[in-house]
Amino acid sequence: MVLAPSIKVVLGCLAFGIFWVLAVFPAVPFMPIGRTAGSLLGAMLMVLFQVITPDQAFEAIDLPILGLLFGTMVVSVYLERADMFKYLGKLLSWKSQGSKDLLCRICLVAAISSAFFTNDTSCVVLTEFVLKIARQQNLPPHPFLLALASSANIGSAATPIGNPQNLVIAVQSKIPFGEFLFGIAASMVVGICVNASILLCMFWKLLSAQKDEEEPPVEVTPEEDVNSHRFSPATMSHLTSQNSHEFNAYLEAMSIHSSPSVNGHIDNNTLRNRVGGSGDNEIHRDENVSKDVTDSGSSQKKDERLVSRVSSTHGFMGRSSDLGLEDIDEKSAKWKIILWKVGVYTITVGMLVSFLMGLNMSWTAITAALALVILDFKDARPCLEKVSYSLLVFFCGMFVTVEGFNRTGIPSAVWDFMEPYARIDHISGVAILGVVIVVLSNLASNVPTVLLLGGRVAAAAASISPEKEKKAWLILAWVSTVAGNLSLLGSAANLIVCEQARRAQHFGYNLTFWAHLKFGVPSTIIVTAIGLILIRT
């Protein structure tokens, strides 16, 4: 592609540079407006500088990707409400055999959950679980947080719905879900094992002995057991679990049933006495109640006391019947919740099966999301409000900004220079391509890297054979995702774990940039290299 006129090249590079700075450093001092606003600013400048026309900007927005991203986020919200991640948290501590066993479990659970429910969501809901378990067992949180973040990234590379860049690749390449999973599954499984081995080697001594802390270990009461922990995520989809609260509110409403008494209402002590008392106690209590009535020698007052006694006895019988109904209603409410959870899991499994059958992923995800809304059978606004709409807006701005930068001709010129050395029919070419993707993913972030390189890498591979084109897309998916483990700023999952750990109440821990880098560099190089060998078409 020939370079655009010089003025467009300069202005396009300026707009893209502003987008890049705000995407990588969202709190930059001279313009702390964040990533979402930064992507919109970059898009607006591309149109304002006439690098692209308004119509071209709208055409650049990829609706299938946004639809797939929205659908998967809604499904994740309902899965969180159905306590799926709570059960995953239980799996981490169930019959744990020590610190090394716990670290391997975290790697496995994080990888599997990220492959099917996105790495960002998994990191949001599992970070506090990991911190709490580590603190309860008097273990250092550092290796377990690294295991969670790195394994979430590696696991998410295996499926098109594991992370945003894979969504882009799946839509643009049109590789079916099953073929995508089959092509990278071996790399993911071996990568998780290698990553866990690296963690064990680096932290073997630390995990072999309990950490001596200046403060005494936290005493865990049954009410604070990790299995009943509730989440308070601060990023991505802001998920919360509501089933327990809804059920408690229901029980509170059920406990208010009462029948009229002398003064028109009943207190808790009276209710307890009537449930556990005998008939004699009932008569004695009625006599005490009658003493509160104004003494009078008239027969009318005696009649009133007699009526009160009879009414009270009748009320006791009615209330005993109500208590029996309450037990039935409690069981009914519990079964409704269980059936609702089963319905949520069934719809989610149906969505994954539809993906494997090759149905359109965007509309399948949206259909599953709407099926969950209907199953819930109430106003969906509270759940829909937990969707990260700022992420969808960020993608819109990024699509326009990257399209404008592509039209300057600079990415094509750079690729034309690199293409002879990065052909995937040679081992050296695959290695060079991998290095380029790793560097760009950490400099420009993985999603912009995929948008910039995807079409060009695939076109160059297609000139060799269709199988090589498919392999090129899978290489891009694998390397751009695992590259996020290189540094703390390499992926959103890393930042989520870091922020969640820092903000966690009672269990806070600060995962530093350098502490992550010491592990991230060797892990990224080794796992990426081994995965490239195992990718299949």
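Residues numbered from 1 in each chain as written. Predicted model: local features only at pLDDT ≥ 70, side-chain atom pairs only at ≥ 80, totals over all residues. Heavy atoms only, no water.

1. A look at the overall build of the chain
- Scanning the chain from N- to C-terminus turns up 23 helices and zero strands.
- The buried share of the chain, taken over its 537 residues, is 49%.
- Sequence separation of at least 24 residues holds for 79% of the intrachain contacts in the chain that already meet a minimum separation of 6.
- Carbon together with sulfur atoms contributes 65% to the accessible area of the chain, which is approximately 25300 Å² in total. (Helix = DSSP H or I, 4+ residues; strand = E, 2+ residues; numbered from the N terminus. Buried < 20%, exposed > 50% of the residue type's maximum accessible area, 1.4 Å probe, protein only. Contact = heavy atoms within 4.5 Å. Areas by Shrake-Rupley, 256 points an atom, 1.4 Å probe, with all protein chains shown as cover.)

2. So, the side chain of S151
- Structurally, the position occupied by S151 is in helix α8 (residues 142–156).
- The buried category is assigned to S151, whose relative accessible area is 0%.
- Non-local contacts of S151, meaning those with residues more than four positions away in its chain, are made with C107, A110, A111, L146, I192 and N195.

3. Description of the layout of surface pockets
- Considered as a void within the structure, the largest pocket measures approximately 1100 Å³ in volume.
- Lining the largest pocket are 44 residues, with A23, R35, S491, A492 and L495 positioned closest to its centre.
- The set of elements that each furnish at least two residues to the lining of the largest pocket consists of α1 (6–24), α2 (34–48), α7 (119–136), α9 (164–173), α17 (389–406), α19 (427–444), α20 (446–462) and α22 (492–503).
- Ranked by residues supplied to the lining of the largest pocket, first place goes to α22 with seven residues. (1 Å grid on protein atoms, 1.4 Å probe; cavity = no way out; pocket = protein on both sides within 12 Å on 5 of 7 lines; lining within 4 Å. Points joined across faces, edges and corners; volume = space filled by probe spheres on them.)

4. As for empty space enclosed by the protein
- One pass over the full model with this rule turns up three cavities of 30 Å³ or more.
- The volume enclosed by the largest cavity comes to roughly 60 Å³.
- Looking at which element gives the most residues to the lining of the largest cavity, the answer is α20, with three residues.
- When its residues are assigned to classes, the lining of the largest cavity shows seven nonpolar, no polar and two charged.
- Each pocket or cavity is described by its volume, and for the second largest cavity that value is around 50 Å³.
- Around the second largest cavity, the lining residues are T72, V75, S76, F116, F117, T118, I161 and M351.
- When residues of the lining of the second largest cavity are traced back to their parent elements, those giving at least two are α4 (63–81) and α6 (99–117).
- If one sorts the elements of the lining of the second largest cavity by residue count, α4 sits on top with three residues.
- Partitioned by chemical class, the residues of the lining of the second largest cavity number five nonpolar, three polar and no charged. (Nonpolar A, V, L, I, M, F, W, Y, C, P; charged D, E, K, R; others polar.)

5. Overview of the nonpolar core
- Counting residues in each nonpolar core, the largest one holds 137 residues, and the members touching the most others are Y78, F144, F355, F395 and W478.
- Per element, the largest residue contribution to this core is twelve residues, and it comes from helix α10 (residues 177–208).
- The contacts of F144, once residues within four sequence positions are left out, are S99, L102, L103, I106, V130, A134, L139 and L207. (Core = buried A, V, L, I, M, F, W, Y, C linked by side-chain atoms within 4.5 Å.)

6. Topic: the pattern of salt bridges
- Summed over the entire model, instances satisfying the criterion amount to six salt bridges.
- In this structure, D83 engages K341 in a salt bridge whose closest nitrogen and oxygen atoms are separated by 3.1 Å. With a gap of 258 residues between them, D83 in the loop between α4 and α5 (84–93) and K341 in helix α14 (residues 299–356) connect regions that are remote in the sequence.
- Here D83 falls in the buried class, since its relative accessible area comes to 3%.
- The salt bridge partner of E403 is R407, with a shortest N-O separation of 3.0 Å.
- R407 gets classed as partly exposed once you look at its relative accessible area, which sits at 33%. (Salt bridge = Lys/Arg side-chain N within 4 Å of Asp/Glu carboxyl O.)

7. A closer look at the packing of aromatic side chains
- Using the criterion set out here, one finds eleven aromatic pairs in the structure.
- Seen from their ring centres, F16 and F19 are 5.8 Å apart, and the 50° between their planes marks the pair as tilted. With F16 and F19 both in helix α1, this residue pair falls three residues apart, about one helical turn.
- Take F19: its relative accessible area is 1%, and that puts it in the buried class. (Phe/Tyr/Trp six-rings, centres within 6.5 Å; stacked < 30°, edge-to-face > 60°.)

8. Quick notes on unusual backbone geometry
- Phi at D83 takes a positive value of approximately 65°, unusual for a residue other than glycine.
- One non-glycine residue with positive phi stands out, namely F377, at about 60°.
- Structurally, F377 is set in the loop between α15 (361–376) and α16 (381–384).
- On the accessibility criterion, F377 (75% relative accessible area) is exposed.

9. Describing the environment of K341
- Take K341: its relative accessible area is 13%, and that puts it in the buried class.
- As a C-alpha pair, K341 and Y78 span 263 residues in sequence and 9.2 Å in three-dimensional space.

10. A closer look at the packing of helix α21 (residues 466–482) against helix α23 (residues 513–534)
- Closest axis-to-axis distance for the α21/α23 pair is 10 Å, and the angle between their directions is 170°. Put simply, α21 runs roughly antiparallel to α23. Where α21 crosses over α23, the handedness of that crossing is right-handed. For the pair α21 and α23, the contacting residues are I475, W478, V479 and V482 in the first and T524, V527, T528, G531 and L532 in the second.
- A breakdown of the residues in the contact of α21 with α23 according to their chemical character gives six nonpolar, three polar and no charged. (Axes fitted to C-alpha atoms, helices over the stretch in contact; angles between N-to-C directions. Parallel < 35°, antiparallel > 145°, perpendicular 65-115°, else oblique. Left-handed = near helix turned anticlockwise from the far one by under 90°.)

11. Considerations on a nonpolar patch on the surface
- A surface patch of nonpolar side chains, amounting to about 420 Å² of accessible area, comprises F25, L489, F513 and W514.
- If you trace the backbone, F513 turns up in helix α23. (Patch = residues over 30% accessible without salt bridge, like charges linked within 9 Å, V, L, I, M, F, W, Y side chains within 5 Å.)

12. Overview of the packing of α20 against α21
- Contact pair α20 / α21: the axes reach a minimum separation of 8 Å and the direction vectors enclose 160°. It follows that α20 is roughly antiparallel to α21 by the angle criterion. Note that α20 runs across α21; the crossing there is right-handed. Contacts between α20 and α21 involve N446, V450, G454, G455, V457, A458, A461 and A462 from the former and K468, E469, A472, W473, L476 and S480 from the latter.

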